[in-house]
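Structural overview for review
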Amino acid sequence: MAQEPRKLGILLSVAPDHPNFLHGLQLATAALNARDEVYLYCLDEAVRGVEDERLQALKAHGLRLFACAFAAQRRKLPQTESALYGGLTLLNDVMGTTDRFVSFN
């Protein structure tokens, strides 16, 4: 009998040039390689990284990418189809439905 994939939630709140942004991407990569479901939410400065090619490559490999609409609006960033934009209720849903949740601040 096949085991159900684990669900990992990741919160990024740092800019794409911060080392913790890369750490979050590395964790997401490892989890996707292990065939886990990965849900990544970009908050605060991390919304600047939604269009980052590294993040979009992970999305192409099954990453479920979410971003804070308010954080994007405050930074005058367009809400594109590169991520699903929503509020903290969406983040709450990610936190509540994953087996593990990690935050990179």
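These notes cover the structure that comes with them. Fair warning: this is a prediction, and the values are worked out from it, not measured in the lab.

We now examine the packing of helix 1 (residues 19-33) against helix 2 (residues 53-60). At their nearest, the axes of helix 1 and helix 2 sit 11 Å apart, and the two run at 15 degrees to each other. Relative to helix 2, helix 1 is oriented roughly parallel. Here helix 1 runs over helix 2; the crossing is left-handed. Together, Phe21, Leu22, Leu25, Ala28, Thr29 and Leu32 of helix 1 and Arg54, Leu55 and Leu58 of helix 2 make up the contact between the two elements. Residues of the contact of helix 1 with helix 2, tallied by class, amount to seven nonpolar, one polar and one charged.

The five strands lie next to each other as 4-3-2-1-5, forming an open sheet whose pairing is parallel. This sheet does not close on itself; its edge strands, each paired only once, are strand 4 (84-86) and strand 5 (100-104). Strand-to-strand twist of the sheet, defined as the mean angle between neighbouring strand axes without regard to direction, takes the value 20 degrees. Both strand 1 (residues 7-12) and strand 2 (residues 37-42) contribute to a ladder of six bridges, which runs parallel. By the bridge assignment for strand 2, Leu11 is matched with Tyr41. Of the strands in this sheet, strand 1, strand 2 and strand 5 are in contact with helix 1, which crosses strand 1 at around 165 degrees.

Turning next to the nonpolar core. Grouped together as the largest cluster of nonpolar side chains are 35 residues, with contacts concentrated most on Ile10, Leu40, Tyr41, Cys42, Leu55, Leu63 and Leu65. Every element with two or more residues in this core is listed here: strand 1, helix 1, strand 2, helix 2, strand 3 (64-68), helix 3 (69-74) and helix 4 (88-97). Ignoring any residue separated from it by four or fewer positions in sequence, one finds Leu65 in contact with Leu40, Cys42, Val50, Leu55, Gln56, Lys59, Ser82, Ala83 and Leu84.

Criteria and thresholds
- Here the residue index of a chain counts from 1 through its sequence in written order.
- Totals for whole chains, interfaces and linings use every residue, but because this is a predicted model, local features are given only for residues with pLDDT of at least 70 and side-chain atom pairs only at 80 or more, for both listing and counting.
- As a rule here, side-chain values cover all heavy atoms of the structure and leave hydrogens and water aside.
- Axis definition: a line fitted to C-alpha atoms, over the contacting stretch in the case of helices. Angles run 0 to 180 degrees between N-to-C directions.
- Only DSSP runs of H or I reaching four residues or more are called helices, and only runs of E reaching two or more are called strands; each is numbered from the N terminus.
- Working definition: roughly parallel below 35 degrees, roughly antiparallel above 145 degrees, roughly perpendicular at 65 to 115 degrees, and oblique for all remaining angles.
- Handedness of a crossing is defined here by the sense of rotation of the near helix relative to the far one, left-handed for an anticlockwise turn of less than a right angle and right-handed for a clockwise turn.
- Whether two residues touch is decided by their heavy atoms; if any such pair falls within 4.5 Å, the residues are in contact.
- The classification used treats Ala, Val, Leu, Ile, Met, Phe, Trp, Tyr, Cys and Pro as nonpolar, Asp, Glu, Lys and Arg as charged, and all other residues, Gly among them, as polar.
- Whether two strands pair depends on DSSP finding at least two bridges between them.
- Nonpolar cores are built from buried Ala, Val, Leu, Ile, Met, Phe, Trp, Tyr and Cys residues. Side-chain atoms within 4.5 Å join them into one set.
- Here the term buried applies to any residue with accessible area under 20% of the maximum for its type, exposed to any over 50%, and partly exposed to those in between, with areas from a 1.4 Å probe on protein chains only.

None of the figures reported here should be taken as evidence of function without further support.
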